[in-house]
Amino acid sequence: MNQLRRRLVVAESVTEVGGRLVWSSPKTNRTRTVLFPPSLAPGIEAQCQGKGPDDVLFTAPEGGVLRLGHWRRRVFDPACRAADLVDVTPPDLRHTAASLAIASGANVKAVQQMLGHASAAMTLDVNAGLLADDQDAVALALDGLVPQMRPREASAGEGAGESDGADSA
């Protein structure tokens, strides 16, 4: 972790397969850096206390690897119920974070790297459905770029009884 720059390094992932922990490289077979906002820094710094650079940062309450099934039952699902959220999964939070970053103006390449996606196109494809209001925002932004066109008002004496031969509608 780079505390000054507020970055975590994801170098390995662990998956539970048939009750066994299987360690591997992250999705794209390379480490990635995940930035975190300043408001989370104190909690993450506290989490790092007494741990080495190769230790697992987020562990189970009694230590050891945080297993998804236990964490969902103990923490995630009760938090969703308390917030009246139905059918929300941890990947939904990941998609939401990406969509909010993109919607707030984050560079898509930066979001791609944060998520560990192989391409920016993948990042946009996976999260595009959550950005339904973007078309309205684009229309409004374009509208702001178009100069306001007002019909030219005829000046006094102009057009009174004069004709250029063109039909008017």
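Everything numeric here is computed off the predicted structure, so don't read it as measured data.

Engineer: Would you mind showing me how to read the overall build of the protein here?
Structural biologist: Broken down by element type, the protein carries six helices and four strands. Ordered by position from the N terminus, the helices and strands of the protein form the series β-β-β-β-α-α-α-α-α-α. Per-residue burial for the protein yields a buried fraction of 15% across its 169 residues. If you sum the accessible surface of the protein, you get close to 12,800 Å²; carbon and sulfur atoms cover 56% of it.

Engineer: When you look at the nonpolar core in this model, what are you seeing that I'm missing?
Structural biologist: One recurring pattern in soluble globular proteins is that nonpolar side chains are buried together. The biggest cluster of nonpolar side chains holds six residues, and these are Leu8, Phe36, Ala41, Ile44, Cys48 and Leu57. Here this core gets three residues from one element, more than from any other, and that element is helix H1 (residues 41–48). With near-sequence residues (within four places) excluded, Leu57 lies in contact with Leu8, Ile44, Gln47, Cys48 and Lys51. Membership of the second largest hydrophobic core comes to five residues, among which are Ala98, Ile102, Val111 and Leu115.

Engineer: Please clarify how helix H4 (residues 108–115) should be interpreted in this entry.
Structural biologist: Within H4 the residues assigned to the buried category are Val111, Gln112 and Leu115. Projected down its long axis, H4 carries its buried residues within an arc of 105°, all on one side. For H4, the elements touching its buried residues are strand S4 (32–35), helix H3 (90–103) and helix H5 (120–127). Measuring from the backbone nitrogen of Lys109 back to the side-chain oxygen at the start of H4 gives 2.6 Å, which picks out Asn107 as the cap. Phi turns positive, to about 80°, at Gly116, one or two residues after H4.

Engineer: Explanation requested: the environment of Arg32 in the structure shown.
Structural biologist: Looking at the secondary structure, you find Arg32 in strand S4. Since its relative accessible area comes to 17%, Arg32 is described here as buried. Between the alpha carbons of Arg32 and Leu8 there is a distance of 8.3 Å; along the sequence they are 24 residues apart. If we ignore the near neighbours within four places in the chain, the residues touching Arg32 are Leu8, Val9, Val10, Pro26, Arg94, Gln113, Met114, Leu115 and Gly116.

Engineer: How should the packing of aromatic side chains be read in this particular structure?
Structural biologist: Two numbers describe a pair of aromatic rings. These are the distance of the centres and the angle of the planes. If you walk through the whole model with that rule in mind, you get one aromatic pair. A centroid spacing of 5.2 Å and a plane angle of 35° characterise the contact between Trp71 and Phe76, whose relative ring orientation is tilted.

Engineer: Sorry, what's going on with the pattern of salt bridges here?
Structural biologist: Pairing between side chains of opposite charge can happen when the charged atoms of each approach one another. Inspection of the entire model under this criterion finds three salt bridges. Across the pair Glu16 and Arg67 runs a salt bridge whose closest N-O atoms are separated by 2.8 Å. Of this pair, Glu16 sits in strand S2 (residues 13–17) while Arg67 sits in the loop between H1 and helix H2 (68–82), placing them 51 residues apart in sequence. What makes Glu16 partly exposed here is its relative accessible area of 40%.

Engineer: I keep staring at H2 and nothing clicks. Help me out?
Structural biologist: Compared with the 21 Å implied by 1.5 Å per residue over 15 residues, the 19 Å span of H2 between its first and last C-alpha is a close match. The first or second residue beyond H2 is Asp84, which carries a positive phi of 55°.

Engineer: Please clarify how the confidence of the model for the protein should be interpreted in this entry.
Structural biologist: A low pLDDT score tells you not to read the predicted coordinates there in detail. Residues of the protein with pLDDT of at least 70 account for 79%, and the chain-wide mean is 80. Per-element confidence in the protein ranges from a low mean pLDDT of 73 for helix H6 (residues 134–145) to a high of 93 for H2.

Engineer: So what exactly am I meant to see when it comes to the packing of H3 against H5 here?
Structural biologist: When two helices pack together, you describe them by how their axes are tilted relative to each other and by the distance separating the axes. One way to put it is that H3 packs onto H5 with a least axis distance of 10 Å and a crossing angle of 110°. Judged by the angle between their axes, H3 and H5 are roughly perpendicular. Here His95, Ala98, Ser99 and Ile102 of H3 come into contact with H5, specifically with Thr123, Leu124, Val126 and Asn127. Grouping the amino acids of the contact of H3 with H5 by side-chain chemistry returns four nonpolar, four polar and no charged.

Rules and cut-offs
Residues numbered from 1 in each chain as written. Predicted model: local features only at pLDDT ≥ 70, side-chain atom pairs only at ≥ 80, totals over all residues. Heavy atoms only, no water. Helix = DSSP H or I, 4+ residues; strand = E, 2+ residues; numbered from the N terminus. Buried < 20%, exposed > 50% of the residue type's maximum accessible area, 1.4 Å probe, protein only. Areas by Shrake-Rupley, 256 points an atom, 1.4 Å probe, with all protein chains shown as cover. Core = buried A, V, L, I, M, F, W, Y, C linked by side-chain atoms within 4.5 Å. Contact = heavy atoms within 4.5 Å. Arc of directions from axis to C-beta. Polar contact = N/O pair within 3.5 Å; in protein donor to acceptor, adjacent residues only side chain to side chain. Phe/Tyr/Trp six-rings, centres within 6.5 Å; stacked < 30°, edge-to-face > 60°. Salt bridge = Lys/Arg side-chain N within 4 Å of Asp/Glu carboxyl O. Expected span 1.5 Å × (residues − 1). pLDDT = per-residue confidence, 0-100. Axes fitted to C-alpha atoms, helices over the stretch in contact; angles between N-to-C directions. Parallel < 35°, antiparallel > 145°, perpendicular 65-115°, else oblique. Nonpolar A, V, L, I, M, F, W, Y, C, P; charged D, E, K, R; others polar.

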